[in-house]
Amino acid sequence: MVRINIDGKELQVPAQSTILEAAKNNDIFIPTLCHHPKLTPFGGCRLCLVEVKGFLKPVTACTTTVGEGMEVVTSSPEIEELRRLVLELILSDHPNDCMVCEKTGSCALQELAYMYGVREAEYAGERRNYETRDGNPFIERDLEKCILCGRCVKACDEIQGVEAIDFGYRGFRAKICTSYEEDLDCEFCGQCVAVCPTGALTGKLWKLKGRPGTTKEIDTVCPYCGIGCNITAHVKKNEIVRITSAEDTWNEGWLCVKGRFGYQFVSSPDRLVRPLIRTAPKSGMPSLGRKGIKWGEVFREASWEEALDLIASRIREIKETHGADALAGLSSARCTNEENYVFQKFMRAAVGTNNVDHCARL
Ligand code: SF4
Ligand code: SF4
Ligand code: SF4
């Protein structure tokens with residue numbers, strides 16, 4: 001631990017902390033755009049500039065490690081003027097379309113512009129103009145809104161290990177690019193979308209369906225696999241319009257493509273809502289082989305009582321004729337732990353066999 005002073009407060013902080021971490025852990029606000037607590041520091045946005053006694057110039061709090069006896073000032077007229085200048089420069093080349101932007105209400109840039117009262121771009125000049133939009137099915141990349149904070153690049157590399165995107169070109173032409181600037185073709189985990197502080201990266205599936213703050217947010221568990229990531233379903237008019245995951249969950253907000261983008265099945269009209277019972281095939285129809293399905297087989301809707309009675313009678317019949325080990329039960333990762341527990345208990349205790357398995361995958 002080292003002793004430091006931030007804005008007149010005497011603090012004891014871990015020796016390897018950055019000034020930004022030390023301040024945040026002690027409820028001292030320093031604005032940032034490129035910093036993300038789960039990613040390595042970048043120091044690119046220059047908003048976290050602070051004064052350190054004895055240093056000739058302001059330094060970035062996210063990349064400067066604390067030292068014994070360090071005295072830090074996080075807010076002064078000079079520092080605030082520098083931050084305002086940085087914001088004005090960023091906004092001088094940023095589309096002013098918050099009215100229709102998916103990120104409105106959760107955009108870090110918008111929030112800082114509000115805090116600093118930056119209403120109009122002071123510096124008119126050349127603007128980036130990217131006409132092409134990405135043809136991938138999940139992620140909208142509106143790079144005119146990109147502030148080149150690098151969070152997406154780091155998330156793709158440091159969290160997902162994919163390196164599908166990186167900085168391309170230099171200076172004013174600098175841009176987040178895929179290889180050869182082709183359409184994004186990656187794992188579509190959406191970690192880049194989750195960390196993007198602006199509307200540059202958003203989900204195509206939730207476009208115009210409801211921005212954060214206008215939806216009902218329900219914390220739940222991803223239904224797809226046994227990992228059980230914590231997710232938040234954003235619901236509007238009884239339909240899930242978006243999935244997010246909070247950073248303070250055990251999965252730290254990271255999801256895979258299924259958990260983040262595969263939620264439409266919930267409202268699909270094709271979902272089965274009643275049991276179906278397979279009826280006998282027409283006589284003379286050939287079998288289709290291993291699955292045992294035959295031409296002409298049809299399913300008819302049944303009540304739960306009828307379906308459960310049929311299952312119970314068939315289990316009893318097989319058990320009496322061939323013994324309990326002639327039966328096997330296969331459970332699903334899409335069920336809860338409790339449901340899977342009950343299922344294996346049923347197979348072992350009620351049916352009388354240990355033939356029970358679980359796919360734990362799709
Ligand atoms: S979706 Fe995932 S894999 Fe694809 S660019 Fe974003 S972070 Fe990388
Ligand atoms: S796309 Fe978003 S996360 Fe990536 S550099 Fe631009 S603003 Fe940052
Ligand atoms: S399917 Fe993906 S998001 Fe869902 S629990 Fe498994 S790893 Fe997590």
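Look up: the structure comes first, before these words.
**Q** Give me the overall build of the protein: which residues, what numbers.
**A** Across its full length, the protein holds eight helices and 16 strands. Rg of the C-alpha trace for the protein: 28 Å, well past the compact-globule value of 21 Å for 362 residues, more than 25% over. Over its C-alpha atoms, taken along the principal directions, the protein stretches across nearly 90 × 50 × 35 Å. Expressed as a percentage of the 362 residues in the protein, the buried residues total 40%. Considering only contacts within the protein whose residues lie at least 6 apart along the sequence, 58% involve residues at least 24 apart. Accessible surface for the protein amounts to roughly 21600 Å². Of this, 53% is attributable to carbon and sulfur atoms. Between the averaged position of the 46 positive side-chain charges in the protein and that of its 50 negative side-chain charges there is a distance of 6 Å.

**Q** Can you lay out the site of ligand 3 for me, pointing to particular residues and giving the numbers?
**A** In the vicinity of ligand 3, the residues found are C222, Y224, C225, I227, G228, C229, L255, C256, K258 and G259. Of the residues in the shell around ligand 3, the class split is seven nonpolar, two polar and one charged.

**Q** Break down the site of ligand 1 for me, with residues and values.
**A** What surrounds ligand 1 is the set I139, C156, V162, A164, L184, C186, E187, F188, C189, G190 and C192. Along the lines of polarity and charge, the residues of the shell around ligand 1 split into nine nonpolar, one polar and one charged.

**Q** Describe the packing of helix α2 (residues 77–91) against helix α3 (residues 108–116), and please don't skip the residues or the numbers.
**A** Where α2 meets α3, the closest approach of the two axes is 11 Å, and the angle between their N-to-C directions is 130°. As summarised for this structure, α2 and α3 are arranged oblique, according to the angle between their axes. The element α2 and its partner α3 pack so that their crossing is left-handed. Note on element contacts: α3 touches α2 through L109, L112, A113 and Y116, opposite E80, R83, R84, L87, I90 and L91. Tallied by class, residues from the contact of α2 with α3 come to seven nonpolar, no polar and three charged.

**Q** Which residues make up the sheet that holds strand β12 (residues 239–244), and what values go with them?
**A** With antiparallel pairing, the three strands of this open sheet are ordered in space as β10-β11-β12. For this open sheet the edge positions go to β10 (216–221) and β12, each flanked by a neighbour on one side alone. Averaged over all pairs of adjacent strands, the angle between their axes in this sheet comes to 35°, without regard to strand direction. As judged from the five bridges shared by strand β11 (residues 230–236) and β12, these two strands associate in the antiparallel manner. What sits directly across from H234, in β12, is R242.

**Q** Quick rundown of the packing of aromatic side chains? Include the residues and the values.
**A** Here the structure, examined in full by the defined rule, presents five aromatic pairs. With 6.1 Å between their ring centres and 35° between their planes, F42 and F167 make a pair best called tilted. Of this pair, F42 sits in the loop between α1 (19–25) and β3 (49–52) while F167 is found in strand β7 (residues 166–168), placing the two residues 125 residues apart along the sequence. On the numbers, 5.1 Å between centres and 20° between planes, the contact of F138 with F261 is stacked. With F138 in the loop between α3 and β6 (139–141) and F261 in helix α6 (residues 257–261), the pair connects residues that are 123 residues apart, well separated along the chain. Residue F261 is classed as buried on the basis of its relative accessible area, which comes to 2%.

**Q** Talk me through the sheet that holds β3; I want residue IDs and the actual numbers.
**A** Ordered in space as β2-β1-β5-β3-β4, the five strands form an open sheet in which the pairing is mixed. With partners counted over all chains shown, the strands left at the sheet margins are β2 (9–13) and β4 (59–60), one partner each. Sheet analysis places β3 next to strand β5 (residues 70–73), joined by two bridges and oriented antiparallel. Each residue of the ladder has a partner; that of V52, found in β5, is V72.

**Q** Break down the side chain of T232 for me, with residues and values.
**A** Take T232: it is sitting in strand β11. Under the relative-accessibility criterion, T232 is labelled buried at 8%. A polar side-chain atom of T232 sits 2.8 Å from a polar atom in the side chain of D219. Aside from chain neighbours lying at most four places away, what touches T232 is E217, I218, D219, R242, I243 and T244.

**Q** Tell me about the pattern of salt bridges, and name the residues and values.
**A** Any two side chains of opposite charge can pair, on the condition that their charged atoms come close. One pass over the structure, following the stated rule, counts 15 salt bridges. The shortest N-O distance in the salt bridge between K175 and E181 comes to 2.7 Å. Looking at E181, the relative accessible area reads 38%, which means it is partly exposed. Look at the salt bridges and you will find they share partners, linking R3, E10 and E68 into a network.

**Q** A description of the environment of I28 should follow, citing residues and the corresponding values.
**A** With respect to the element layout, I28 can be found in the loop between α1 and β3. A relative accessible area of 9% places I28 in the buried class. For the pair I28 and I6, spaced 22 residues apart in sequence, the C-alpha separation works out to 8.3 Å. In contact with I28, other than residues within four places in its own chain, are I6, D7, K9, L11, A23 and T74.

**Q** Tell me about a negative patch on the surface, residues and numbers included.
**A** Negative charge collects at one region of the surface, where E217, D219, E247, D248 and E252 lie side by side. Along the chain, E247 turns up in the loop between β12 and α6.

So, how was this worked out
- Residues numbered from 1 in each chain as written.
- Chains lettered and ligands numbered in written order.
- Predicted model: local features only at pLDDT ≥ 70, side-chain atom pairs only at ≥ 80, totals over all residues.
- Heavy atoms only, no water.
- Helix = DSSP H or I, 4+ residues; strand = E, 2+ residues; numbered from the N terminus.
- Rg over C-alpha atoms; globule rule 2.2 N^0.38 Å.
- Buried < 20%, exposed > 50% of the residue type's maximum accessible area, 1.4 Å probe, protein only.
- Contact = heavy atoms within 4.5 Å.
- Areas by Shrake-Rupley, 256 points an atom, 1.4 Å probe, with all protein chains shown as cover.
- Lys, Arg positive; Asp, Glu negative; His and termini not counted.
- Charge placed at Lys NZ, Arg CZ, Asp CG, Glu CD.
- Near = heavy atom within 4 Å.
- Nonpolar A, V, L, I, M, F, W, Y, C, P; charged D, E, K, R; others polar.
- Axes fitted to C-alpha atoms, helices over the stretch in contact; angles between N-to-C directions.
- Parallel < 35°, antiparallel > 145°, perpendicular 65-115°, else oblique.
- Left-handed = near helix turned anticlockwise from the far one by under 90°.
- Pairing = 2+ DSSP bridges.
- Phe/Tyr/Trp six-rings, centres within 6.5 Å; stacked < 30°, edge-to-face > 60°.
- Polar contact = N/O pair within 3.5 Å; in protein donor to acceptor, adjacent residues only side chain to side chain.
- Salt bridge = Lys/Arg side-chain N within 4 Å of Asp/Glu carboxyl O.
- Patch = residues over 30% accessible without salt bridge, like charges linked within 9 Å, V, L, I, M, F, W, Y side chains within 5 Å.

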